[in-house]
Amino acid sequence: MAGMDADPGMRQKEEYEHKVRMFSEFLHNNRDEWEKRIDREMANDRFRIPLELSELAKAEPGLESKLLQDPVKYLLPFEEALLNFLGETDDKAVKKLKQPLKLDVTGSFGRNHVTPRGVNASTIGKLMCVEGIVTKCGVVTPSLVQSMHVHKEEDDGHITTRDHRDGTSLISGASGGGGFPAADGEGKALMMDVSLSVYKDSQTFTVQEAPDNAPPGQIPRFVKVVCDGDLADKAKPGDRVQVIGVYRSFPPPMGEFTNGVFPTKLVATSIKAIKDLVEPSFVTADVINIRKIAAREDTFKLLARSFSPAICGHEKVKEGMLLMMIGGTEKNLANGTHLRGDINVLLVGDPSCGKSQMLRFVMNTAPLAISTTGRGSSGVGLTAAMIRDPASREFQLEAGAMVLADRGVICIDEFDKMGQGDRVSIHEAMEQQCVTIAKAGMHVTLNARCSVLAAANPIYGNFDPSLDLAKNIGLPDSLLSRFDLVYVVRDLTTEEIDRKIATQVLRQCSTRQTDGGRLRGVEEIHSSILERRQVADKDLDSQEPTKIFEDSMPTVEGESAQQQVTVDFLRKYIRFAKRLKPVLSPEAQAAVADKYVDMRMRFQSGFADQNVQDAENRKPRLAVTTRTLEALIRLATAHAKLKLRKDFVLEEDVLEAYRLMLAAREEEVP
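About the criteria used
Residues numbered from 1 in each chain as written. Predicted model: local features only at pLDDT ≥ 70, side-chain atom pairs only at ≥ 80, totals over all residues. Heavy atoms only, no water. Patch = residues over 30% accessible without salt bridge, like charges linked within 9 Å, V, L, I, M, F, W, Y side chains within 5 Å. Areas by Shrake-Rupley, 256 points an atom, 1.4 Å probe, with all protein chains shown as cover. Salt bridge = Lys/Arg side-chain N within 4 Å of Asp/Glu carboxyl O. Lys, Arg positive; Asp, Glu negative; His and termini not counted. Charge placed at Lys NZ, Arg CZ, Asp CG, Glu CD. Helix = DSSP H or I, 4+ residues; strand = E, 2+ residues; numbered from the N terminus. Buried < 20%, exposed > 50% of the residue type's maximum accessible area, 1.4 Å probe, protein only. Polar contact = N/O pair within 3.5 Å; in protein donor to acceptor, adjacent residues only side chain to side chain. Pairing = 2+ DSSP bridges. Axes fitted to C-alpha atoms, helices over the stretch in contact; angles between N-to-C directions. Contact = heavy atoms within 4.5 Å. Expected span 1.5 Å × (residues − 1). Parallel < 35°, antiparallel > 145°, perpendicular 65-115°, else oblique. Left-handed = near helix turned anticlockwise from the far one by under 90°. pLDDT = per-residue confidence, 0-100. Phe/Tyr/Trp six-rings, centres within 6.5 Å; stacked < 30°, edge-to-face > 60°. Lys NZ or Arg CZ within 6 Å of the ring centre and 35° of its normal.

**Q** Is there a simple way to explain a negative patch on the surface in this structure?
**A** On the surface, Glu14, Glu15, Glu17 and Glu80 cluster together to form a negatively charged patch. Here glutamate 17 shows up in helix α1 (residues 2-29). What makes glutamate 17 partly exposed here is its relative accessible area of 36%.

As structure tokens, then:
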């Protein structure tokens with residue numbers, strides 16, 4: 001009987017050693033490539049070495065599907081072979097290792113590439129690739145890997161070690177925790193030495209199905225992910241991620257009875273942000289094309305025309321939103337003063353002018369954008385909230401939309417429907433670009449360095465011609481002064497404009513898809529993440545430059561077709577321009593001061609109407625404050641970045657920013 005009991009264990013050990021030998025042979029057959037790969041990853045302080053599934057298929061057909069079906073049996077021997085290979089090639093590197101080498105399996109997962117809805121009982125124990133949005137993140141906590149025990153009574157240098165393995169160790173049958181030894185072999189009492197013991201970082205977070213992938217009328221599903229080591233703290237709430245890992249059940253300690261329902265989690269082996277996967281890379285031809293477009297006289301008009309091309313007209317609004325996406329230059333002075341570089345834009349206008357569609361275009365083209373509405377948001381939902389954790393009964397800080405949009409854009413629709421108290425809470429975040437919380441014994445400052453793009457209706461729904469601009473907008477000056485550009489979007493009733501809009505909408509409906517059936521640039525932006533990922537993967541393989549101009553855009557009868565750049569090229573252009581940091585030239589400084597004084601005089605209530613004899617007919621204007629001066633500098637800097645000026649902001653940039661600010665406030669442009 002003893003021999004029969006030992007037989008399965010021996011067979012298992014032989015299988016394990018066979019897999020170690022097989023993978024060692026695979027590594028030695030491609031020795032040069034793997035040496036370079038390991039050196040590259042370790043030089044960047046990464047300990048997860050990428051392994052493409054197609055490489056395994058070439059070495060042994062069918063091996064990649066075996067790995068996907070039963071990863072626990074294959075990953076551990078493969079990682080042992082990898083460590084042995086490193087020991088043979090570079091013995092010093094093994095001694096310097098801060099944590100064990102792991103394999104990062106990548107490639108085509110086929111039916112194992114799912115959203116959280118596709119993770120079910122049939123996928124337990126398999127290697128899965130799950131895509132979704134991170135909703136909740138736990139705190140990173142140290143987890144015990146190896147405990148060290150010394151003699152309790154005497155200090156004689158004796159150490160007893162005990163390994164502790166949990167479900168994340170990917171060892172079949174590993175149970176959580178593990179007991180501590182009370183005494184050594186001689187019966188001497190032992191105690192644990194906390195400082196000598198070895199720990200690893202551990203974290204759990206929740207990945208939820210993206211709203212654009214959830215079936216109609218169903219609540220998005222979620223899956224819990226547990227990660228350790230270098231993967232901890234890699235994802236934050238609001239990120240769209242692709243998590244590769246083993247889906248496992250975590251049974252509790254067995255009692256006399258069980259209901260058979262165990263909690264399941266995904267043990268992550270890789271976490272990647274989807275924006276990094278979708279982001280198209282630059283090739284040399286792209287940079288040449290970007291510089292060619294920047295050298296044109298009409299660069300600003302051309303790119304603004306290509307911004308949200310589905311919306312007819314609103315040229316000035318599009319110009320302002322284009323500069324907002326490029327942004328100014330942030331300044332942190334030596335005395336601790338922070339001057340924001342992000343540009344805030346407010347659109348106030350009649351219903352059905354395409355404001356929400358322009359917001360949606362920004363949301364889908366910006367690398368990081370979060371959308372919210374005035375009625376559906378509270379003050380704490382936009383900034384930060386204190387939440388009591390149901391398990392530990394301790395207070396936790398949960399980031400709001402503006403904190404999640406750090407270094408990105410937050411789009412707030414129906415801004416006028418927001419409650420007065422909630423609107424006040426975003427004042428600090430808009431100017432100081434941080435959120436300060438002093439509640440429940442916690443005093444915390446969170447960064448909220450984001451551009452705010454808001455859309456609102458006038459106070460009575462439509463513009464009232466009998467009232468002036470300030471009364472129509474109906475927002476306090478303390479809030480309006482924080483917006484660099486306040487646009488008035490009017491629904492003007494003229495036959496020419498109506499005919500233009502009608503023709504453009506009808507033409508777009510008739511040319512929605514090209515002959516190949518692939519979505520055109522604008523519609524492609526509104527497609528789901530997974531669809532865009534597939535297209536991006538094809539583009540990465542080709543390494544071809546991005547197409548510059550759209551082939552054919554709907555035009556109004558009697559007008560020649562105007563050039564427009566593609567959405568992909570526009571996105572690359574904005575990414576290229578954002579990294580420049582020009583400073584004001586002496587001529588530009590003089591022009592900024594001159595234009596600010598001019599605006600200050602022009603917008604003093606009724607100054608421009610001083611020729612009007614009747615004082616009652618002088619119309620009040622929107623206030624011009626020192627923030628307007630900063631806004632002028634930001635817009636001029638953004639225009640200089642758009643023209644790819646890396647050294648100085650010129651006088652012409654200041655004049656363009658000045659014209660834009662006057663046009664936004666419905667003033668005559670000189």
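Next, the rest of the story.
**Q** Looking at this structure, I do not really get the environment of arginine 571. What am I missing?
**A** With respect to the secondary-structure elements, arginine 571 resides in helix α21 (residues 567-578). Taking C-alpha positions, arginine 571 is 6.6 Å from threonine 365, a pair spaced 206 residues apart along the chain. One polar contact links arginine 571 to aspartate 568, side chain to side chain, over a distance of 3.3 Å.

**Q** Is there a simple way to think about the sheet that holds strand β14 (residues 369-373) in this case?
**A** The strands making up a sheet associate through backbone hydrogen bonding, with each pair oriented either parallel or antiparallel. With parallel pairing, the 5 strands of this open sheet are ordered in space as β14-β17-β20-β13-β21. Strands at the two margins of the open sheet, each flanked by one partner only, are β14 and β21 (485-489). Within this sheet the neighbouring strands show an average axis-to-axis angle of 15°, counted without direction. Where strand β17 (residues 409-413) lies against strand β20 (residues 451-456), 4 bridges are found, and the strand directions are parallel. In the strand pairing of β20, valine 409 is matched with serine 451. Seen against the sheet, helix α11 (residues 355-365) touches β13 (345-349), β14, β17 and β20 and runs at an angle of roughly 160° to β17.

**Q** Whenever I open this one, α21 confuses me. Can you help?
**A** With 12 residues, α21 extends 17 Å between its outermost C-alpha atoms, agreeing within 8% with the 16 Å of an ideal straight helix rising 1.5 Å per residue. Taken across its 12 residues, α21 has 9 buried, putting it largely inside the fold. Turning to α21, its buried residues are Val567, Phe569, Leu570, Arg571, Lys572, Tyr573, Ile574, Phe576 and Ala577.

**Q** I would appreciate a short explanation of a nonpolar patch on the surface in the present structure.
**A** Among the surface-exposed residues, Leu492, Ile497, Ile501 and Val505 lie close enough to one another that they form a single nonpolar patch of about 310 Å² accessible area. Locating isoleucine 497 in the fold gives a position in helix α18 (residues 495-510). A residue is classified by how much of its surface remains accessible, and isoleucine 497, at 35% relative accessible area, is partly exposed.

**Q** Which parts of the structure should I look at to understand the packing of α11 against α21?
**A** Relative orientation and spacing of two packed helices are given, respectively, by the angle between their axes and the distance between those axes. At a minimum axis separation of 11 Å, α11 and α21 run at an interaxial angle of 65°. Classified by the angle their axes make, α11 and α21 are roughly perpendicular. In this structure, the crossing between α11 and α21 has a hand that is right-handed. For the pair formed by α11 and α21, the contact residues are Phe361, Asn364 and Thr365 on the first element and Val567, Leu570 and Arg571 on the second.

**Q** So what exactly am I meant to see when it comes to the pairing of strand β5 (residues 141-151) here?
**A** Two faces make up the sheet, and in a regular strand the side chains alternate between them. In the sheet, β5 pairs with strand β7 (residues 190-208) via 9 bridges, with the strands oriented antiparallel. In the strand pairing of β7, proline 142 is matched with aspartate 201. Bridge analysis of β5 against strand β6 (residues 159-163) gives 5 bridges, and the strand direction is antiparallel. Note on β6: the bridge partner recorded for histidine 149 is threonine 160.

**Q** Sorry if this is basic, but what is going on with the environment of proline 237 here?
**A** Tracing the sequence through the fold places proline 237 in the loop between β8 (222-228) and β9 (240-249). Apart from residues no more than four positions distant in its own chain, proline 237 is found in contact with Val134, Thr135, Cys137 and Leu404.

**Q** Help me understand the confidence of the model for the protein, please; the structure alone is not making it clear to me.
**A** Close inspection of predicted coordinates is inappropriate for parts of the model with low pLDDT. On average, residues of the protein score 78 in pLDDT, and 86% of them are at 70 or above. Between residues 514-530, whose pLDDT stays under 50, and residues either more than four places distant or in other chains, the model counts 38 contacts.

**Q** What exactly am I supposed to notice about the packing of aromatic side chains here?
**A** Throughout the structure, instances matching the rule amount to 8 aromatic pairs. Centre to centre, the rings of phenylalanine 26 and tryptophan 34 are 6.1 Å apart; their planes meet at 75°, and the pair counts as edge-to-face. Connected via pairs of aromatic rings, a cluster forms that spans Phe23, Phe26, Trp34, Tyr74 and Phe78. Note that lysine 265 overlies the ring of phenylalanine 250, its terminal NZ or CZ placed 5.5 Å from the centroid. Positioned above the aromatic ring of phenylalanine 576 is the side chain of arginine 579, whose terminal nitrogen or guanidinium carbon lies 4.2 Å from the ring centre.

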